[in-house]
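# Descriptive structure summary
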Amino acid sequence: MFDTKELRENIERILKTDYGKTLAKAQTHEKYNALSKAIMGTIVDNWDETEKAYSTGKAAYYLSAEFLMGRALGNNLLNLGIYEEIKELLKKMDININDLEEIEEDAGLGNGGLGRLAACFMESCGTLNLPVRGYGIRYSHGLFKQSFKDGFQREEGDNWLKYGDPWSIRKEDEAVIVEFADEKVRAIPYDTPIIGYATRNINTLRLWKAESFKDFDFNLFNDQKYNEAVEDKNKAEDISRVLYPNDSTEEGKILRLKQQYFFVSASLKDIIRQYKKNHGIDFNKFPEFHAIQLNDTHPVVAIPELMRLLVDEENITWEIAWDITVKTFSYTNHTILAEALEQWWNGLYKKVLPRVYEIIEDIDRRFIMELLQKGYDSEKINSMAIIYKDMIRMAFLAIHGTHTTNGVAQLHTDILKFQELRDWYDIYPNRFQNKTNGITPRRWLALCNKELSQMITALLGTDKWINELTLLKELEKYLEDEQVLNKILEVKSEKKHQLAEYIKIHEGVEINPNSLFDIQIKRLHEYKRQLLNAFGILDLYFRLKENPEMDIVPRTFIFGAKAAPGYIRAKGIIKFINEIGTLIGNDPQVKDKIKVVFVQNYRVSYGERLFPAADISEQISTAGKEASGTGNMKFMLNGTPTLGTFDGANVEIVQEAGEENNFIFGARVEEIEEIKESYNPKEYYESNPRLKKVVDTLIDGTLSDGGTGMFEELYNSLLEGASWHKPDNYFIFRDFMDYVKTQEKVDRDYRDRIAWAKKCLMNIANAGKFSSDRTIQEYAREIWNIEPKKI
Ligand SMILES: *Cc1c(COP(=O)(O)O)cnc(C)c1O
């Protein structure tokens, strides 16, 4: 297929031209760069051909402030079908492919699920030969790097570009200008190839970097005013300097607004430039050629910006421009958490984007007229207005300015339609759709779990399942085959040994690979309830202390989570879990039975080691709070039963794999709705000594927060509440006993190894629905109206 001799020559040539070194002297990251660049060289022709093919018919554009791509090398080699060949070639060059893979920095340009979803979607679009381009921001610094010091989270900047980025190409000649009231900046596109699996098509992810027009002011420099000389340059570059580290919380910061407008305006100008080149200036056909998906509200300023471009710059009437806008855009809602719903103070908009703000006012004024004509009263109108009390409600602007609003799991979409956005569903019943999230089976099985992949391919006699994931269903025929079931357990054990080795190196902690690996990895948030897990561990610990002979399956509890730097309570929970880990680790009576490890700097590449090694997937959010979750799907695909609430996509996971193969507990959405007004957590606390004992560790001196007051604050949040939230806002006390009882069932079920392997098998066999290929095909057919275009 390609010439390995030529590739080797190219690698050695790049080492010479870029680093002035021979292979023998090159550093690992230099070899990584040279290999990556050499691979880039082999795909440019296909990439070019793909772009040409897509430029004629209808295409979709995925606008997202976040793309959590992770590492590229291994995935690209896998998708090109040359992983094994390259591994062999490198071996001949005395290079271990794993070393090159490990040296790559994660492209961590996202916070969590939302950004990772965008990355999985890009990969699926490439694999499905769909004309889709991603647009976002090329942050110079991605999500912060996390470490622990004395159990407290420390943050460090993520300078992911320090050794360069061989997977992107700067396209100087396609730069555009973005204007704010107080400054004008250049947006420079950097294109990254999205290499589909087993196809020649290469899609594009285009990320914008902000730069100044002037490099620096030479006159100021000559006058020795060095700081002022680079001021303009720095100010412009600030816009794409760093990703905001908030997951599911909104912060109305001016720089954040500039980031949003920056990438949205640049992307729309890019799309319009291309449209004019291909179709001239008749914009009526614009929606026939473009579908633009807004990933959450972050890019929703695209609605007034497209209006501005059409009305002000292309001289189109308001009515026609509005029709084009609504037909072009669609919007994905990712959350119903109140603190996550984006609102902007209109004073900020007026200051930074005065003309865009005028257009939003106009959109709102016309919308309110429509509501008046429907006979809506002023209370109802106030509750739906786009601008209300000086705040712009971005989700409302999104629903009103697009033809489709989608939720990300069936339960979530139902909550939107019948609860949170009921009034909107009333006026726009045809605009609401569900698109249950998915994950790419390439990264999340074929790449990260080669052992299980090989086993599946051998059993099915084909590797077609990799891009047709529902074929896994055929594995069900092995449900009574003990040899296959034992092999599943063997593979799991192998992945656990590998993880234990990795944790020993990276965390300096030894864990027992023969213990049950119980894993909760996701952003740290109160609604995700890592604290419930922690209380469950403490309860088990105290029971073991009381009854040292208690027979339990040895268990390792593994956590991974970053807390937003300003989210003090989340940081308190990290410290609490680390303290529990220390308490248990120092107790010779229990340390062979339970162990707690909080791994540092959880990210995509760490996930690739954790998901395949899990025996239990913790998905324990308060029912109704997790829109979908995708971590749950990664575990399932790797044969891990879910211990979870009826929330988000857990509902669908259980529908597919069977409730008997998972562990469901806790209050459901209906019950939460019913009890929330009269909920009194103190009653649970006073009447349940087991619960009281674990909660009291926050204040009775069992565990220390180093004098920060964090633990007492956590205690008060559970029992007293605060002006802005009720006590135990996330119903931990309500679900506590259900949770520990369900954990006891996990312990019992795990002992029957064959029965357990059946649960694993049923999860793998029924994970087909959760391929992002399925999700993307639904978007393509039901929202974007686009067709595959294979080159
Ligand atoms: C999949 C993924 C997430 C999302 O996890 P949830 O459990 O769905 O919140 C977050 N971060 C990383 C690195 C991921 O890979």
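Residues numbered from 1 in each chain as written. Predicted model: local features only at pLDDT ≥ 70, side-chain atom pairs only at ≥ 80, totals over all residues. Heavy atoms only, no water.

Per an unreviewed UniProt entry, the protein chain goes by the name Alpha-1,4 glucan phosphorylase and belongs to Clostridium punense. What UniProt states about the protein chain under its Catalytic activity (unreviewed entry) heading is, verbatim, "[(1->4)-alpha-D-glucosyl](n) + phosphate = [(1->4)-alpha-D-glucosyl](n-1) + alpha-D-glucose 1-phosphate". Under the UniProt heading Cofactor (unreviewed entry), the note attached to the protein chain is "pyridoxal 5'-phosphate". (UniProt positions renumbered as here; feature names shortened; annotations may be inferred.)

## With respect to the sheet that holds strand 18 (residues 516-521)
Read across the sheet, six strands follow the order 20-19-18-21-22-23 without closing on themselves; strand pairing throughout is parallel. Strands at the two margins of the open sheet, each flanked by one partner only, are strand 20 (594-599) and strand 23 (663-664). As paired strands, strand 21 (residues 616-619) and strand 22 (residues 642-644) are joined by three bridges and run parallel to one another. Paired with Glu618 across the two strands is Leu643, which belongs to strand 22. Helix-sheet contacts for helix 24 (residues 568-585) involve strand 19 (555-560) and strand 20, and the interaxial angle to strand 20 is about 140 degrees. (Pairing = 2+ DSSP bridges. Helix = DSSP H or I, 4+ residues; strand = E, 2+ residues; numbered from the N terminus. Contact = heavy atoms within 4.5 Å. Axes fitted to C-alpha atoms, helices over the stretch in contact; angles between N-to-C directions.)

## Comments concerning the pairing of strand 11 (residues 290-295)
Counting buried positions over the six residues of strand 11 gives six, a clear majority of the element. Of the two faces of strand 11, the one carrying His290, Ile292 and Leu294 and the one carrying Ala291, Gln293 and Asn295 are both buried. Where strand 1 (residues 59-63) and strand 11 come together, five bridges link them in parallel fashion. Across the sheet, Ala59 pairs through a bridge with His290, a residue of strand 11. Relative to strand 12 (residues 329-332), strand 11 runs parallel, the two sharing four bridges. (Buried < 20%, exposed > 50% of the residue type's maximum accessible area, 1.4 Å probe, protein only.)

## Side note on the sheet that holds strand 15 (residues 391-393)
As summarised here, the arrangement of the three strands in space is 13-15-14, forming an open sheet in which the pairing is antiparallel. Edge positions in the sheet fall to strand 13 (343-345) and strand 14 (387-388), since each has one partner strand and no second.

## Details of unusual backbone geometry
Here the phi dihedral of Ala198 falls at roughly 55 degrees; this positive angle occurs in a residue that is not glycine. Along the chain, the position of Ala198 falls in the loop between strand 9 (184-195) and strand 10 (202-211).

## Considering the site of the ligand
Every one of the 13 residues lining the ligand counts as a neighbour, but Lys522, Lys528, Thr630, Gly631 and Lys634 are closest to it. Take Lys528: an N or O atom from its side chain is 2.9 Å from an oxygen atom of the ligand. A distance of 3.0 Å is found between an oxygen atom of the ligand and a backbone nitrogen or oxygen belonging to Gly631. In the complex, 96% of the free accessible area of the ligand, which totals 390 Å², lies under the protein chains. Counted by class, the shell around the ligand contains four nonpolar, five polar and four charged residues. (Near = heavy atom within 4 Å. Polar contact = N/O pair within 3.5 Å; in protein donor to acceptor, adjacent residues only side chain to side chain. Areas by Shrake-Rupley, 256 points an atom, 1.4 Å probe, with all protein chains shown as cover. Nonpolar A, V, L, I, M, F, W, Y, C, P; charged D, E, K, R; others polar.)

## So, the packing of helix 22 (residues 482-507) against helix 33 (residues 753-765)
Describing two packed helices takes the angle between their axes plus the distance from one axis to the other. Relative orientation of the contacting elements helix 22 and helix 33 amounts to 80 degrees, with a least axis distance of 9 Å. With respect to their mutual orientation, helix 22 and helix 33 come out roughly perpendicular. Here helix 22 contributes Glu482, Leu485, Asn486, Ile488 and Leu489 to the contact with helix 33, which in turn contributes Arg753, Ile754, Ala757, Lys758, Cys760 and Leu761. When grouped by side-chain class, the residues that make up the contact of helix 22 with helix 33 number seven nonpolar, one polar and three charged. (Parallel < 35°, antiparallel > 145°, perpendicular 65-115°, else oblique.)

## Considerations on the side chain of Ser628
Take Ser628: it is sitting in the loop between strand 21 and helix 26 (631-637). Residue Ser628 is classed as buried on the basis of its relative accessible area of 2%. Other than its neighbours up to four places away in sequence, Ser628 contacts Val408, Ala409, Asn437, Met633, Gly648, Ala649 and Asn650.

## What to know about the layout of surface pockets
To find leftover empty space, one rolls a probe the size of a water molecule over the atoms. For the second largest pocket, the calculated volume is near 980 Å³. Lining the second largest pocket are 39 residues, with Leu337, Glu339, Lys625, Asn729 and Tyr730 positioned closest to its centre. Contributing elements (two or more residues each) for the lining of the second largest pocket: helix 18 (410-420), helix 24 and helix 28 (669-675). Considering only residue class, the lining of the second largest pocket consists of 19 nonpolar, eight polar and 12 charged. (1 Å grid on protein atoms, 1.4 Å probe; cavity = no way out; pocket = protein on both sides within 12 Å on 5 of 7 lines; lining within 4 Å. Points joined across faces, edges and corners; volume = space filled by probe spheres on them.)

## Quick word on the side chain of Ser64
If you trace the backbone, Ser64 turns up in the loop between strand 1 and strand 2 (67-70). With relative accessibility at 0%, the residue Ser64 sits in the buried group. At 2.6 Å, the side chain of Ser64 and the backbone oxygen of Glu66 are in polar contact. Look past the residues within four positions of Ser64 in its chain and what remains in contact with it is Leu114, Ala118, Tyr135, Gly136, Phe263 and Asn295.

## Notes on empty space enclosed by the protein
Taken as a whole, this structure holds eight cavities of 30 Å³ or more when the rule is applied. Considering only enclosed or pocket space, the largest cavity measures out at about 480 Å³ in volume. Lining the largest cavity are 37 residues, and of these Met69, Gly70, Ala72, Glu104 and Ala107 sit closest to its centre. Put simply, the parts of the chain that give the lining of the largest cavity at least two residues each are helix 2 (28-54), strand 2, helix 3 (73-80), strand 3 (107-109), helix 6 (113-127), strand 9 and strand 10. The dominant element in the lining of the largest cavity, judged by the number of residues it contributes, is strand 9, at five residues. Residue assignment for the lining of the second largest cavity shows that the elements contributing at least two residues are helix 23 (530-546), helix 24 and helix 31 (710-719). With three residues, helix 31 is the largest single contributor of residues to the lining of the second largest cavity. By residue class, the composition of the lining of the second largest cavity is six nonpolar, five polar and four charged.

## Some words on the nonpolar core
Judged by nonpolar contacts, the single largest core of 269 residues is most densely connected at Tyr349, Phe535 and Trp784. When residues no more than four places from it in sequence are discounted, the contact partners of Tyr349 are Leu257, Val301, Trp344, Pro354, Val356, Tyr357, Ile360, Ile392 and Met394. (Core = buried A, V, L, I, M, F, W, Y, C linked by side-chain atoms within 4.5 Å.)

## What about the pattern of salt bridges?
For the structure shown, the criterion picks out 75 salt bridges. With its nearest N and O atoms 2.7 Å apart, the salt bridge here joins Lys37 to Asp18. Here Asp18 lies in helix 1 (residues 4-19) and Lys37 lies in helix 2, a separation of 19 residues in the sequence. Two residues, Lys171 and Asp191, come together in a salt bridge whose shortest N-O distance is 3.0 Å. Of this pair, Lys171 sits in the loop between strand 7 (169-170) and strand 8 (176-179) while Asp191 sits in strand 9, placing them 20 residues apart in sequence. (Salt bridge = Lys/Arg side-chain N within 4 Å of Asp/Glu carboxyl O.)

## So, the pairing of strand 5 (residues 145-149)
Residues Gln146 and Phe148 point to one face of strand 5 and are all buried, whereas Lys145, Ser147 and Lys149, pointing to the other face, are not buried. In this sheet, strand 6 (residues 152-156) lies alongside strand 5 in antiparallel orientation, the contact comprising five bridges. Bridge pairing in strand 6 links Gln146 to Glu155. Here strand 5 folds back onto strand 6 in antiparallel fashion, the turn holding two residues, of which Asp150 has a positive phi close to 55 degrees.

## Looking at the packing of aromatic side chains
The tally for this structure, following the rule as stated, stands at 31 aromatic pairs. With a centroid separation of 4.9 Å and an interplanar angle of 70 degrees, the aromatic rings of Tyr750 and Trp756 are classed as edge-to-face. The buried category is assigned to Tyr750, whose relative accessible area is 5%. Through a chain of ring-to-ring contacts, the aromatic side chains of Tyr62, Phe121, Tyr779 and Trp784 assemble into a single cluster. Its end group placed over the ring of Trp47, Lys171 keeps NZ or CZ at 5.5 Å from the ring centre. The ring of Tyr376 carries Lys380 above its face, with NZ or CZ at 5.5 Å from the centroid. (Phe/Tyr/Trp six-rings, centres within 6.5 Å; stacked < 30°, edge-to-face > 60°. Lys NZ or Arg CZ within 6 Å of the ring centre and 35° of its normal.)

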